[in-house]
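Below, each chain spelled out in residue letters.
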Amino acid sequence: MTNAPRPYESYVYAYPHKTAYRPLADRPALRELWAGERKDALSLYLHIPFCEVRCGFCNLFTRIGAPDELTTRYLDALDRQATAVADALHARPATGVRFAAAAFGGGTPTFLDAGELERLCDIAEKRMGADLRAVPLSVETSPSTATADRLSVLAERGATRVSIGVQSFVEEEAKAAVRPQRRSDVEAALGRIRDARIPVLNIDLIYGIDGQTPESWRLSLDAALAWRPEELYLYPLYARPLTPLGRRAHPSEAGWDAQRLDLYRRGRDHLLAQGYEQVSMRMFRRSGAPREGADDYACQTDGMIGLGCGARSYTSDLHYSFDYAVGMREIRSIIDAYTTTEDFSRAEVGRAVDADEARRRHLLQSLLQAEGMAVEGYRERFGSRPADDFPAELDRFADLGWLDTDAGPGLLRLSPTGLAYSDALGPALFSPAVRAAMASYEAK
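As a starting point, this report considers the structure included with it. Everything quoted here is computed from the prediction, not taken from an experiment.

Definitions and limits used
Residues numbered from 1 in each chain as written. Predicted model: local features only at pLDDT ≥ 70, side-chain atom pairs only at ≥ 80, totals over all residues. Heavy atoms only, no water. Helix = DSSP H or I, 4+ residues; strand = E, 2+ residues; numbered from the N terminus. Polar contact = N/O pair within 3.5 Å; in protein donor to acceptor, adjacent residues only side chain to side chain. Expected span 1.5 Å × (residues − 1). Buried < 20%, exposed > 50% of the residue type's maximum accessible area, 1.4 Å probe, protein only. Contact = heavy atoms within 4.5 Å. Salt bridge = Lys/Arg side-chain N within 4 Å of Asp/Glu carboxyl O.

## Regarding the environment of D204
With respect to the element layout, D204 can be found in strand 8 (residues 200-207). The spatial distance from the C-alpha of D204 to the C-alpha of D76 is 31 Å, given a sequence separation of 128 residues. Side-chain polar atoms of D204 contact the side chain of N202, separated by 2.9 Å.

Structure follows, in structure tokens:
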């Protein structure tokens with residue numbers, strides 16, 4: 001077996017990453033982009049870029065607070081964008097438009113008050129035509145914003161899944177992650193979510209925090225398990241550029257990698273012993289729990305409509321969004337520009353996805369799921385086999401022990417070691433062109 005790379009290179013939640021996007025010189029009209037696309041099973045994502053605090057590990061597109069009625073102006077712009085996008089999608093009614101899933105993310109969507117959440121749902125339903133009570137609707141929240149009135153709105157409007165970022169039930173660890181919170185407040189928020197009777201509760205936890213031990217990690221796991229959540233996500237801590245933690249000194253890479261890998265394995269084994277099934281490196285689902293939201297974004301063959309200045313949209317050959325930043329000043333500037341935009345009829349920033357990139361994306365996002373990828377499904381879609389398209393990469397994964405040798409010839413599936421090294425395997429499938437674009441991106 002060859003020497004394994006570092007296990008924590010990058011969390012791949014979408015491919016290509018936004019740092020590979022660039023301004024689109026031709027600014028294509030949305031009406032033209034969507035004219036030839038299937039639109040009968042779209043996903044809808046509404047992005048709210050506001051949080052009450054900026055966690056130390058967070059590099060998401062979000063700002064702290066919303067002064068001077070900024071949320072109202074943002075929702076006004078979101079309404080204008082939804083109107084323009086809906087007009088583009090319905091330009092050829094014969095093709096049919098239907099949404100099969102919806103999600104509100106951020107930021108923290110429940111930063112909005114109850115009345116604003118009603119308006120957000122109205123935009124999804126009345127402008128976009130999504131039937132929120134008939135499709136899975138996932139919403140992200142935080143302990144301080146998961147209030148009874150907000151949760152009541154979400155439950156009534158059809159939310160089937162609420163995901164709450166707890167990160168740690170140990171107050172000292174939360175403080176070390178620049179996520180100060182009291183455990184009593186976290187527990188109270190979880191109680192309110194359960195009282196709202198939303199079918200799926202997901203709890204996010206983080207491992208690798210300064211001062212975290214196997215014992216304190218087990219304490220957080222057991223505190224979460226006491227609520228019998230339908231889903232648990234276990235995230236390794238990253239210290240990314242331009243985040244508060246990214247500016248701090250950290251332990252040696254080798255030592256930190258070893259700590260995170262040990263805590264991951266302990267968490268995985270504990271959840272499996274408690275009746276959870278592993279869906280991906282990060283995601284665990286309680287056996288028998290309802291599936292009321294999308295799994296980790298797998299081989300999405302249908303389109304994605306993203307509304308909001310941090311959302312991305314996908315057609316079959318173009319991924320597009322708005323400008324991307326991590327630094328607070330730049331994020332504020334982009335949000336301000338978004339709220340004053342009147343014409344949302346064109347794609348501004350994005351990246352073309354050719355046949356090779358589509359193959360990479362499909363393989364990457366399918367292989368990172370614990371169930372693996374059917375070789376025949378890949379062949380039916382692309383007319384070739386993964387081993388023909390990516391022989392060097394798959395041979396290397398096999399040499400590293402990342403592929404399950406018992407899966408059989410018709411299934412590509414990761415071994416337990418391969419799943420543990422998902423954050424190394426994913427980046428290994430990036431194309432040279434995407435790698436070059438990401439490397440040349442100037443962080444801001």
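## Here we look at helix 3 (residues 114-127)
Taking 1.5 Å as the rise per residue, helix 3 with 14 residues should run 20 Å; its terminal C-alpha atoms sit 19 Å apart, in good agreement. For helix 3, the full list of buried residues reads A114, E116, L117, L120, C121, I123, A124 and E125. Tucked inside the fold, the buried residues of helix 3 contact strand 2 (42-48), helix 2 (70-89), strand 5 (99-106) and helix 4 (148-157). Here helix 3 starts with a cap whose side-chain oxygen sits 3.1 Å from the backbone nitrogen of G115, and that cap is D113. In the segment just after helix 3, G129 is the residue with positive phi, at about 85°.

## Here's the deal with the pattern of salt bridges
Under the defined criterion, the tally for this structure stands at 31 salt bridges. Here R119 and D76 are joined by a salt bridge, their closest N and O atoms 2.8 Å apart. With R119 in helix 3 and D76 in helix 2, the pair connects residues that are 43 residues apart, well separated along the chain. Note on R119: relative accessible area 26%, which makes it partly exposed. In this structure, R282 and D423 form a salt bridge, with 2.7 Å as the shortest nitrogen-oxygen distance. With R282 in the loop between strand 10 (276-278) and strand 11 (283-286) and D423 in helix 15 (residues 422-428), this pair connects stretches of sequence that are 141 residues apart. Considered together, R282 and D423 belong to a single accessibility category, that of buried residues. Three or more residues are tied together by salt bridges with common partners; here these are E118, D122, E125, K126, R133, E156 and R157.

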